[in-house]
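Descriptive structure summary
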Amino acid sequence: MKWLKSGRLDVMTSTYDLLASRLQKAFDSVVPSADPVLRPSDRSDYQANGVMALAKQVGKPPREVAELVVAALDVADIATVEIAGPGFLNLNLTTQVFNTQLRELSNDPRLGLEKSSAPKTVVIDYSAPNVAKEMHVGHLRSTVIGDALARMNRFVGNSVIARNHIGDWGTPFGMLIEHLLDLGEDQAVAELSIGDLDTFYKGAREKFEADDAFKQRSRLRVVALQGGDKETLRLWKILVDQSVAYFAEVYQKLDVTLTPDDNVGESFYNDMLDDVVKDLSAKGLITDSDGALCVFPPGFVNRDDEPLPMIVQKRDEGFGYAATDLAAIRNRVSGLKADEILYVVGTPQAQHFDMLYAVARMAGWLPENVRCEHVSFGHVLGPDRKMFKSRSGGTVKLVGLLDEAIERADAALVARGSELSDADRTALATDIARAAIKYTDLSTERQRDYIFDLDRMLAFEGDTGPYLQYAHARLRSIFRRLDAPYVPGEATFALESPQERQLALGLLALPEAFDVAFQTLQPHKLCTYLFDLAQRFTTFYEACPVLSSEGALRAERLALCELTARTLELGLSLLGIAAPQQM
RNA sequence: GCGGCUGUAGCUCAGCGGAUUAGAGCAUCGGUCUACGGAACCGAGGGUCGGGGGUUCGAAUCCCUCCAGCCGCACCA
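Residues numbered from 1 in each chain as written. Chains lettered and ligands numbered in written order. Predicted model: local features only at pLDDT ≥ 70, side-chain atom pairs only at ≥ 80, totals over all residues.

This next bit is on the overall build of chain A. Assigned secondary structure in chain A consists of 21 helices and 13 strands. By its C-alpha atoms, chain A is 85 × 65 × 40 Å across when sized along the principal axes. When burial is assessed residue by residue, chain A has 43% of its 583 residues classed as buried. Within chain A, contacts between residues separated by at least 24 positions form 72% of all contacts whose residues are at least 6 apart in sequence. (Helix = DSSP H or I, 4+ residues; strand = E, 2+ residues; numbered from the N terminus. Buried ≥ 20, exposed ≤ 12 C-beta atoms within 10 Å, placed from the backbone. Contact = placed C-beta atoms within 7 Å.)

Phi angles above zero are rare outside glycine, and L111 is one such case at about 55°. With respect to the helices and strands, L111 occurs in the loop between helix 4 (95-106) and strand 5 (121-125). Overall, the presence of 21 C-beta atoms within 10 Å leaves L111 in the buried class. Here K337, not a glycine, exhibits a phi torsion of approximately 60°, which is positive. Along the chain, K337 falls in the loop between helix 12 (321-335) and strand 10 (340-344).

This part covers the protein's contact with RNA strand B. What surrounds RNA strand B is a group of 80 residues, the closest being M52, R303, K314, G462 and S477. Counting residues per element, the ones that place at least two in the surface near RNA strand B are strand 1 (38-40), helix 2 (50-58), strand 4 (88-93), strand 8 (292-295), helix 13 (350-362), strand 13 (450-451), helix 17 (465-480) and helix 20 (523-543). For the surface near RNA strand B, the element with the most residues is helix 17, which contributes 8 residues. Residues belonging to the surface near RNA strand B are distributed by class as follows: 33 nonpolar, 27 polar and 20 charged. (Near = placed C-beta within 6 Å. Nonpolar A, V, L, I, M, F, W, Y, C, P; charged D, E, K, R; others polar.)

When cut into domains, chain A gives domain 1 (15-93), domain 2 (172-258) and domain 3 (265-374). Relative to domain 3, the C-alpha centre of domain 2 lies at a distance of 28 Å. (Domains from an automatic or database assignment.)

Turning our eyes to something else, we now look at the nonpolar core. In terms of nonpolar packing, the biggest core is built from 165 residues, with I124, V312, L326 and L530 touching the most fellow members. Not counting chain neighbours up to four residues away, the residues in contact with L326 comprise V276, V312, L356, V359 and A360. (Core = buried A, V, L, I, M, F, W, Y, C linked by C-beta atoms within 7 Å.)

The next subject is the confidence of the model for chain A. Per-residue pLDDT for chain A averages 91, and the proportion of residues at 70 or more is 98%. Across chain A, the secondary-structure element scoring lowest on mean pLDDT is helix 2, at 86, and the one scoring highest is strand 6 (residues 159-163), at 98. Scored below 50 in pLDDT, residues 1-10 makes 19 contacts in the model with residues more than four places away or belonging to other chains. Our summary of model confidence lists the complex with pTM equal to 0.94 and ipTM equal to 0.94. (pLDDT = per-residue confidence, 0-100.)

Here the focus is helix 8 (residues 197-210). Over its 14 residues, helix 8 runs 20 Å from end to end, which matches the ideal 20 Å to within 8%, given 1.5 Å per residue. Looking at helix 8, one finds that the buried residues are L197, F200, Y201, A204 and F208. Looking straight down helix 8, one finds that the buried residues subtend no more than 95° of arc, so they occupy a single side. With respect to the buried face of helix 8, the exposed residues turned more than 90 degrees away are T199, E209 and A210. Turning to helix 8, the residues buried within the fold contact helix 6 (172-183), helix 7 (185-193), helix 9 (212-226) and helix 10 (230-254). (Expected span 1.5 Å × (residues − 1). Arc of directions from axis to C-beta.)

Attention now moves to the packing of helix 12 against helix 13. Across the interface, helix 12 lies against helix 13 with an axial gap of 10 Å and an inter-helix angle of 55°. Classified by the angle their axes make, helix 12 and helix 13 are oblique. Viewed along their axes, helix 12 and helix 13 form a crossing whose handedness is right-handed. Facing D325, L326 and I329 of helix 12, the residues of helix 13 in contact are L356, V359 and A360. Considering only residue class, the contact of helix 12 with helix 13 consists of 5 nonpolar, no polar and 1 charged. (Axes fitted to C-alpha atoms, helices over the stretch in contact; angles between N-to-C directions. Parallel < 35°, antiparallel > 145°, perpendicular 65-115°, else oblique. Left-handed = near helix turned anticlockwise from the far one by under 90°.)

Written out as structure tokens, the structure reads:
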């Protein structure tokens, strides 16, 4: 993988880039553009394994090729090199490089993370709750992952357009509106405004299934809605407004950056749907199949091995989500000028998105140079490894989980004898609870299912959000104990103890960790990095007294601590996690 | 049936383009320490990387195949 190929401004060259470019030259001298395969290693600071592949290509023994590369390699000022085993290049950084790189980091608020030299417009489609329906754990994943990606993109300098594709249209609205009328507007609004969406939805659903007259009214109401009947639209808007207000509360509670401006629901695309059909038809892509208007992208088959359609317009002339998604993709490319579109949606919809891109490309709406990706994710499971359900079998409310996490975090703070005021303590508990939930979600590989276990995520030890927050808080407390405010003077990094050196190595590695996470859309890579850094810090902190050391050594260690604190804080913030000063 | 995802220590997970003795965390056991925040640190035991084949000097990683679990496969999104 070409990790570091994004066009970036050279603010500060990361240690990895420094090594990589020197190695590249040496490899080029043997075979142009051979990949050095430079990685962190436990045998040395970095290891280049590219010689092995190169040897095969050139048809010479690996050791011999390694000698060639080393002879051409000019890194004496950066690292020592030795050939190990069959032909690995082990590279150990010189203290001189550590020193210059760490000094640069100390003066760099971005800690070596460069801004893009060619900012893109990135549309990120995430969260997507449904009107008059409770937000559940499925929305948690989309919301948390999408928000982390949005934050990373913004930090890099890309222009992020968040799109909350709210489910605000379709046949269910017939019954929802009729139910609203049955309840009376005031009563309905009251129910919805306290966030009791499930009761409302279920009420509608039950009547719809049990009561034929109601069902009939509902159907007529759908027709009225789609026909643009004013009164019906007014009622529809009540439902939407109430729900959207409720969603905003959830986002606020989660500390997610979505705003009301990002709410662009399905209904937004309504008047573009006819054009979608017209254009597809004009391009000869539409086939009438059983009365439904379909596009058959090549390569997709159903269970009987027949071509699988994307149904653009149903037999009853209504539009489904395929049409809406096509209109949306078109709007995002030609209207919003997206260079990149990310759909943060569960993995069950993988085929839908494959077909969507295929059809959009066939229609010429999605140029090759627009990156379009389904950022898919697995399910949240209950303790029994089955789909997460409440005791009564219903879906689990997202807010309920959050509230419970906050309560538990708060109880833990009280148990530790927190001296904060009630308000401050609750605020802190909220930060901890968010960290616990978000970090758990972000720290496993997206595609996997994970088990929702509050005890585990809220644990202050282990690979958890609170542990990282704690490491950061300990660091900050060091500086609170200083007599005078800390000024990052001219520390010299001698790194005489191995723990100092290991910590420093971790500090230098932020850029490559971020780049991998960012480019592969895998926030868990950043999580892994941060946890590793926190461990390096605590190991260092046990072995190396900071405040009780003196002179240059003290200055050096304080500087390492300061960098570590900032790295943790920045890294967590890119994931959407706060780093409190005290806990 | 076709397609997708997943299968790594008792549990929860990493393992990045193949590379040297497969790593964490939790739990267990044993240590450190009159704690710069012990919500810490150090160490140990524990794995034939779902099974089988193949490619290779070398495979958890690539290819094939089988097994198990979950999900998708025409008018709901």
